[in-house]
Amino acid sequence: MTLVTLSDVLQPALKRGYAVAGLVTLGWEDMRAYVAAAEAENVPVILQAGPSCREHTPLPVLGKMFTYLAENASVPVVAHLDHGYTLQDCKIAIESGFTSVMFDGSQKALAQNIDETAEIAQMAHAAGVSCEGEIGFVGYSGGANSAGTDPDEAAQFAKETGVDAMAISVGNVHLQQDKEGGLDEVRIRAIEAITEVPLVIHGGSGVPVAQREALARGSSICKFNIGTELRMAFGQALKEAAAADPDRFDRVQILKETHDPVVAAARRVLRAFKSV
């Protein structure tokens with residue numbers, strides 16, 4: 001069995017100069033492909049259940065799916081709750097077999113974010129589960145704007161919450177479809193200079209691959225969340241499979257044809273985070 005916690009994969013990454021991908025899942029087809037890609041690249045992988053995934057499939061079901069894949073994988077697999085917005089979200093995830101929870105209090109006042117994150121981190125640690133927190137709101141493409149992370153607030157947050165990983169806002173944006181942006185490396189260096197916790201980039205799909213590679217190998221950023229990039233690969237493969245035979249209606253047969261393209265896309269993502 002290779003079901004592990006977030007700390008189990010991020011602490012070696014921090015020490016040895018690489019990053020681990022948090023791959024955002026929406027269903028069985030993509031999560032299975034992500035594990036296959038990780039096995040092909042011989043790297044750990046973090047399977048993430050975000051809010052849209054949880055709207056479609058209940059957490060107890062997702063926990064069993066992640067656990068099944070981990071038990072049959074040859075590489076370490078983390079079952080991670082992405083963007084839990086309440087203590088109850090995180091509690092249900094822990095009870096459902098998740099090995100890592102991310103509490104997002106980034107839009108709350110600093111003191112409230114620290115207090116609530118610390119409570120959830122304590123609950124998670126008591127259950128042998130890792131906890132990721134977020135300081136500095138990461139916005140959405142076409143939606144709310146980001147609020148950059150203040151380095152001093154990040155240091156206070158890391159110290160007072162006891163989180164195992166800290167998501168930061170440094171020019172990253174959720175749901176970005178192109179890679180024309182880039183991260184604020186000056187702010188990243190300022191944060192890592194006064195913190196020791198592994199750092200996390202949400203909205204990693206919008207970060208140029210060359211910058212991903214450089215930061216994975218030369219900074220405290222140990223986790224990049226990748227969702228949109230792989231959803232686009234899945235969607236394109238699905239459209240091509242459906243269009244190939246208009247008379248075909250069996251969804252299992254159609255969905256099978258998404259597997260190889262999504263594995264290939266995920267392998268390209270994972271390769272960029274490997275150590276030299």
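Up top is the structure these notes are about.
One structure accompanies this document, and this report is about it. (Residues numbered from 1 in each chain as written. Predicted model: local features only at pLDDT ≥ 70, side-chain atom pairs only at ≥ 80, totals over all residues. Heavy atoms only, no water.)

**Here's the deal with helix H10 (residues 228-244)**
Spanning 17 residues, H10 covers 24 Å between terminal C-alpha atoms, matching the ideal 24 Å at 1.5 Å per step. Those residues of H10 that fall on the buried side of the exposure criterion are Thr228, Leu230, Phe234, Ala237 and Ala241. Structurally, H10 contributes buried residues whose contacts are with strand E2 (20-25), helix H2 (28-41), strand E9 (221-226), helix H11 (251-256) and helix H12 (259-271). (Helix = DSSP H or I, 4+ residues; strand = E, 2+ residues; numbered from the N terminus. Expected span 1.5 Å × (residues − 1). Buried < 20%, exposed > 50% of the residue type's maximum accessible area, 1.4 Å probe, protein only. Contact = heavy atoms within 4.5 Å.)

**Quick notes on unusual backbone geometry**
The phi dihedral of asparagine 42 falls on the positive side, at around 55°, and the residue is not glycine. When you line up the elements, asparagine 42 lands in the loop between H2 and strand E3 (45-49).

**Observations concerning the pairing of strand E6 (residues 130-135)**
Burial within E6 is extensive, with six of its six residues counted as buried. Burial of E6 is two-sided: the residues Ser130, Glu132 and Glu134 facing one way and the residues Cys131, Gly133 and Ile135 facing the other way are all buried. Inspection of the sheet shows strand E5 (residues 100-103) paired to E6 by four bridges, in the parallel sense. In the sheet register, phenylalanine 103 faces E6, and the bridge partner there is glycine 133. For the crossover from E5 across helix H6 (residues 110-126) to E6, the handedness is right-handed. In terms of strand pairing, E6 meets strand E7 (residues 165-168) through four bridges, oriented parallel. Along E7, the bridge assignment pairs glutamate 132 with alanine 165. (Pairing = 2+ DSSP bridges. Right-handed = clockwise from strand over helix to strand, strands pointing away.)

**Some points on the packing of aromatic side chains**
All chains considered together, the criterion is met by three aromatic pairs. A ring pair is formed by phenylalanine 224 and phenylalanine 273, whose centres lie 4.9 Å apart and whose planes are at 10°; its orientation type is stacked. Here the residue phenylalanine 224 occupies a position in strand E9, and phenylalanine 273 occupies one in the segment after H12, the gap between them amounting to 49 residues. For the pair shown, phenylalanine 224 and phenylalanine 273 are each scored as buried. (Phe/Tyr/Trp six-rings, centres within 6.5 Å; stacked < 30°, edge-to-face > 60°.)

**Quick word on the environment of aspartate 245**
You can see aspartate 245 is positioned in the loop between H10 and H11. Distance in space between the C-alpha atoms of aspartate 245 and methionine 123 is 51 Å, their sequence separation being 122 residues.

**Things to note about the packing of H6 against helix H7 (residues 151-161)**
In a packed pair of helices, the relevant descriptors are the angle between the two axes and the axis-to-axis distance. Running from N to C, H6 and H7 point in directions that differ by 30°, and their axes come no closer than 9 Å. Taken together, the axes of H6 and H7 lie roughly parallel to each other. Here the hand of the crossing between H6 and H7 comes out right-handed. Across the interface between the two elements, Leu110, Asn113, Ile114, Thr117, Ala118 and Ala121 from H6 touch Glu153, Gln156, Phe157, Glu160 and Thr161 from H7. Per-class residue counts for the contact of H6 with H7 are five nonpolar, four polar and two charged. (Axes fitted to C-alpha atoms, helices over the stretch in contact; angles between N-to-C directions. Parallel < 35°, antiparallel > 145°, perpendicular 65-115°, else oblique. Left-handed = near helix turned anticlockwise from the far one by under 90°. Nonpolar A, V, L, I, M, F, W, Y, C, P; charged D, E, K, R; others polar.)

**Observations concerning the environment of valine 186**
As for its position among the elements, valine 186 is in helix H8 (residues 185-193). The spatial distance from the C-alpha of valine 186 to the C-alpha of isoleucine 201 is 15 Å, given a sequence separation of 15 residues.

**A few points about the pattern of salt bridges**
Taken as a whole, this structure holds 10 salt bridges when the rule is applied. Where glutamate 41 meets arginine 271, a salt bridge forms, and the shortest distance between an N and an O atom there is 2.9 Å. One end of the pair, glutamate 41, is in helix H2; the other, arginine 271, is in helix H12, with 230 residues separating them in the sequence. Residue glutamate 41 is classed as buried on the basis of its relative accessible area, which comes to 6%. Where arginine 187 meets aspartate 184, a salt bridge forms, and the shortest distance between an N and an O atom there is 3.6 Å. For arginine 187, a relative accessible area of 28% gives the class partly exposed. For aspartate 184, a relative accessible area of 30% translates into the label partly exposed. Salt bridges linked by common partners bring Glu41, Arg267, Arg271 and Lys274 together as one network. (Salt bridge = Lys/Arg side-chain N within 4 Å of Asp/Glu carboxyl O.)

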